[in-house]
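Geometric and topological summary
Spelled out from the first residue to the last, the chains are:
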Amino acid sequence: MKITISQKEFNKSLSNALKIVERSTTMPILKGIKLEVKDNRLYISATDLLISIESSISGLDDEYENGSLVVESANILLEIIKRLPDENIKLNTDLMNNLNVHCNYSDFTLNGLSSDEYPEWPEVDSNQSFQIEKDLLMDMISKTEFAISNDQARPVLTGALLEIDNNEIVLVSLDGYRLAVRKSKLDNFDKNISIIIPGKAIRKLLDILKTIKTDSENIEIKSSENHIVINMGETTMVSRLLDGHFLSYKDIIRNEYNTKVTIDKNDFKLALERASYIDREGHNSLIKLKIESDRLVIRSNSDTGDINEIILCEIEGEPIEIAFNTRYILDGVKVIDTEKINMYLIGDVHPCIINPENDPMYTYLILPVRLA
């Protein structure tokens, strides 16, 4: 194997691949990165058997040799590549599967393994393909991923539901305490899809989308019965899907309310953040809201201290006192983009629904904490 590539491109591709490398795996070969040269392109691959990622880089001269190996110490390779100058890098291997790296006056060698035992790239047969704008996909994930459950006793909730129906795409997450739903219109796709993407894949995808630049602003997504494929130009990610039936989230969201609050989003967010700092060491800090007479009173008590704040707002309906986990309500508020938000409440033991003002495409539902 031999090729000459850009240091900057190699660094970026290695960084993305290492996002899914599990250092604690019982399969030593999965701790490494597969490098393969084919037709003057370098392919960088990694997998943890749930998620696979592959990036490709064009060679910079015609002197290349096809071949492959697995670099055992992938994290060490990345740390070295990061610290090389922004110059061309020459990669080649010897008969012992060692990787030789040359850049300017720097040369180093890392041990490698034969790629024969490395898992094959997943083959996904699907005619269900659609495109979505990169920024929209990032926004949908950012507004929902934090509500994905980590409870392995309910495996189906450790993923996010992706649905497409009637030219509308929906991403849903639910952990038993809150529900996040982000919708958008999707043109030129007339099929229905309902799949559950593992939370790990969703979060890794968001990390990668933040780093890549594509020739097109659109991301291509394909799905089959067992896999999802996300094509991001020179980077492709494949993930297995979760089996099972997601909860009927539409039945959880009720349109009725006894109290509606319209409040400045930034004022509310900053007050919630201040309350969270009062109890920085607490895992389940509690915030109490008293809503009446066009004002919202925020109270929180902890061993560190107390907070008492008043935010002016518009109130429609009955006064109410209700309590929430501070972090849970803050998670939903801070991702909203509009200047004002609407809160809809029925009673102090019923879920609260939060929407951006005049934007029905995002819904955040949170359960209250019962007051003694």
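Higher on the page you've got the structure.
Let me sum up the structure you'll find in this document.

Analysis parameters
- Residue positions are counted from 1 within each chain, in the order its sequence is given.
- Totals for whole chains, interfaces and linings use every residue, but because this is a predicted model, local features are given only for residues with pLDDT of at least 70 and side-chain atom pairs only at 80 or more, for both listing and counting.
- The side-chain figures draw on all heavy atoms in the structure; neither hydrogens nor water molecules are used.
- In this description a helix means any DSSP run of H or I spanning at least four residues, a strand means any run of E spanning at least two, and both kinds are numbered starting from the N terminus.
- Burial classes follow relative accessibility: with a 1.4 Å probe on protein chains only, a residue under 20% of its type's maximum area counts as buried, one over 50% as exposed, and anything between as partly exposed.
- Contacts are residue-level and defined by heavy atoms, with any inter-residue pair within 4.5 Å sufficient.
- Areas reported here follow the Shrake-Rupley algorithm with a probe of radius 1.4 Å; residue values treat only the protein chains shown as occluding.
- Only four residue types enter the charge count, namely Lys and Arg as positive and Asp and Glu as negative; His and the chain termini do not.
- Every charge is mapped onto a representative atom, which is NZ of Lys, CZ of Arg, CG of Asp or CD of Glu.
- Working convention: axes come from line fits to C-alpha atoms, limited for helices to the stretch in contact. Angles between N-to-C directions cover 0 to 180 degrees.
- Angular relationships are summarised with four words: roughly parallel below 35 degrees, roughly antiparallel beyond 145, roughly perpendicular across 65 to 115, and oblique for the angles in between.
- Crossing handedness: left-handed means the near helix sits turned counterclockwise from the far one by under a right angle, and right-handed means the same turn made clockwise.
- Any two strands between which DSSP finds at least two bridges are classified as paired.
- Between rings of Phe, Tyr and Trp, where Trp is taken as its six-membered ring, a pair exists when centres lie within 6.5 Å; planes separated by under 30 degrees are stacked, by over 60 edge-to-face, and by other angles tilted.
- Placement of a charge over a ring requires the Lys NZ or Arg CZ to be within 6 Å of the ring centre, with the centre-to-atom vector within 35 degrees of the ring normal.
- In this scheme, a helix's expected span is set at 1.5 Å multiplied by one less than its residue total.
- N or O atoms within 3.5 Å of each other form a polar contact, as long as, within protein, one can give a hydrogen and the other can take it, and as long as residues adjacent in sequence are counted only when both atoms are side-chain atoms.
- By definition here, a salt bridge exists when the distance from a side-chain nitrogen of Lys or Arg to a carboxyl oxygen of Asp or Glu is within 4 Å.

Glancing now at the overall build of the protein. When helices and strands are tallied, the protein shows seven helices and 26 strands. The principal-axis extent of the C-alpha atoms belonging to the protein is close to 80 × 50 × 35 Å. Put simply, the protein has 372 residues, and 50% of those count as buried. Of the contacts formed within the protein by residues at least 6 apart in sequence, a portion of 68% connects residues at least 24 apart. A total accessible area of about 18,900 Å² is found for the protein, and carbon and sulfur atoms account for 42% of it. Put simply, the protein has 42 plus and 61 minus side-chain charges, and the middle of one group is 4 Å from the middle of the other.

Here we take up the packing of helix α3 (residues 134-142) against helix α4 (residues 199-209). Their axes nearest at 10 Å, the elements α3 and α4 cross at an angle of 140°. The angle between the axes of α3 and α4 places the two elements in the oblique class. α4 is crossed by α3, and the crossing has left-handed handedness. Listed contacts from α4 to Lys 134, Leu 137, Met 138, Ile 141 and Ser 142 of α3 are Ile 202, Leu 205, Leu 206 and Leu 209.

Once that is clear, we can look at the sheet that holds strand β8 (residues 106-110). The antiparallel open sheet is built from four strands, whose spatial order is β1-β6-β7-β8. Taken across any chain shown, the strands that pair with only one partner, and hence form the sheet edges, are β1 (2-6) and β8. For this sheet, the mean angle separating the axes of adjacent strands, direction not counted, is 20°. Direction of pairing for strand β7 (residues 99-103) relative to β8: antiparallel, over a ladder of five bridges. Across the sheet, residue Cys 103 finds its bridge partner in β8, namely Ser 106. Of the strands in this sheet, β1 and β6 (88-93) touch helix α1 (residues 7-18), which is tilted by about 95° from β1. Helix α2 (residues 74-82) rests against β6, β7 and β8 of the sheet, and its axis sits at about 175° to β8.

For the rest of this paragraph, the subject is the side chain of Asp 331. By secondary structure assignment, the location of Asp 331 is in helix α7 (residues 326-334). If near-sequence neighbours (up to four positions away) are discounted, Asp 331 is found in contact with Phe 146, Arg 178 and Tyr 364.

With that settled, the discussion passes to the packing of aromatic side chains. Across all of its chains, the model carries four aromatic pairs by this definition. Note that Lys 38 overlies the ring of Tyr 43, its terminal NZ or CZ placed 4.9 Å from the centroid. Positioned over the ring face of Tyr 328 is Arg 178, at 4.2 Å from the centre of the ring.

Right, let's get into the side chain of Thr 236. Structurally, the position occupied by Thr 236 is in strand β17 (residues 235-240). Other than its neighbours up to four places away in sequence, Thr 236 contacts Ser 52, Ile 53, Glu 54, Trp 121, Val 229, Ile 230 and Asn 231.

Look at α1: 16 Å from first C-alpha to last across 12 residues, which is about the 16 Å you get at 1.5 Å a residue. Looking at where α1 begins, the residue whose side-chain oxygen comes 3.2 Å from the main-chain nitrogen of Lys 8 is Ser 6.

By the definition in use, this model includes 21 salt bridges. Two residues, Glu 22 and Lys 200, come together in a salt bridge whose shortest N-O distance is 2.4 Å. Taken together, the residues Glu 22 in the loop between α1 and β2 (33-38) and Lys 200 in helix α4 connect sequence positions 178 residues apart. Overall, the relative accessible area of 32% leaves Glu 22 in the partly exposed class. Here Lys 200 falls in the partly exposed class, since its relative accessible area comes to 25%.

A few words now on the pairing of strand β5 (residues 67-71). Relative to β5, β2 runs antiparallel, the two being bridged by five bridges. Directly across from Leu 35, in β5, lies its bridge partner Leu 69. Both β5 and strand β9 (residues 112-113) contribute to a ladder of two bridges, which runs antiparallel. The residue bridging Val 71 from the neighbouring strand is Gly 112, located in β9.

What follows is about unusual backbone geometry. Of note, Asp 39 is a non-glycine position whose phi angle comes to about 50°, a positive value. Secondary-structure assignment places Asp 39 in the loop between β2 and β3 (41-47). Residue class for Asp 39 comes out exposed when judged on its relative accessible area of 59%. Even without a glycine there, the phi angle at Asn 166 is positive, about 55°.

In sheet architecture, strand pairing relies on hydrogen bonds along the backbone and comes in two forms, parallel and antiparallel. Pairing is antiparallel across the open sheet formed by four strands, whose spatial order is β21-β20-β19-β23. Whereas interior strands pair on both sides, the edge strands pair on one side only; in this sheet they are β21 (306-312) and β23 (320-325). Adjacent strand axes in the sheet meet at a mean angle of 20°, parallel and antiparallel pairs treated alike. One ladder, built from seven bridges, connects strand β20 (residues 295-301) with β21; its direction is antiparallel.

We now examine the pairing of β2. In this sheet, β3 lies alongside β2 in antiparallel orientation, the contact comprising five bridges. Residue pairing in the sheet places Lys 38 in a bridge with Arg 41 of β3. The loop that links β2 with its antiparallel partner β3 comprises two residues; one of these, Asp 39, has a positive phi angle of about 50°.

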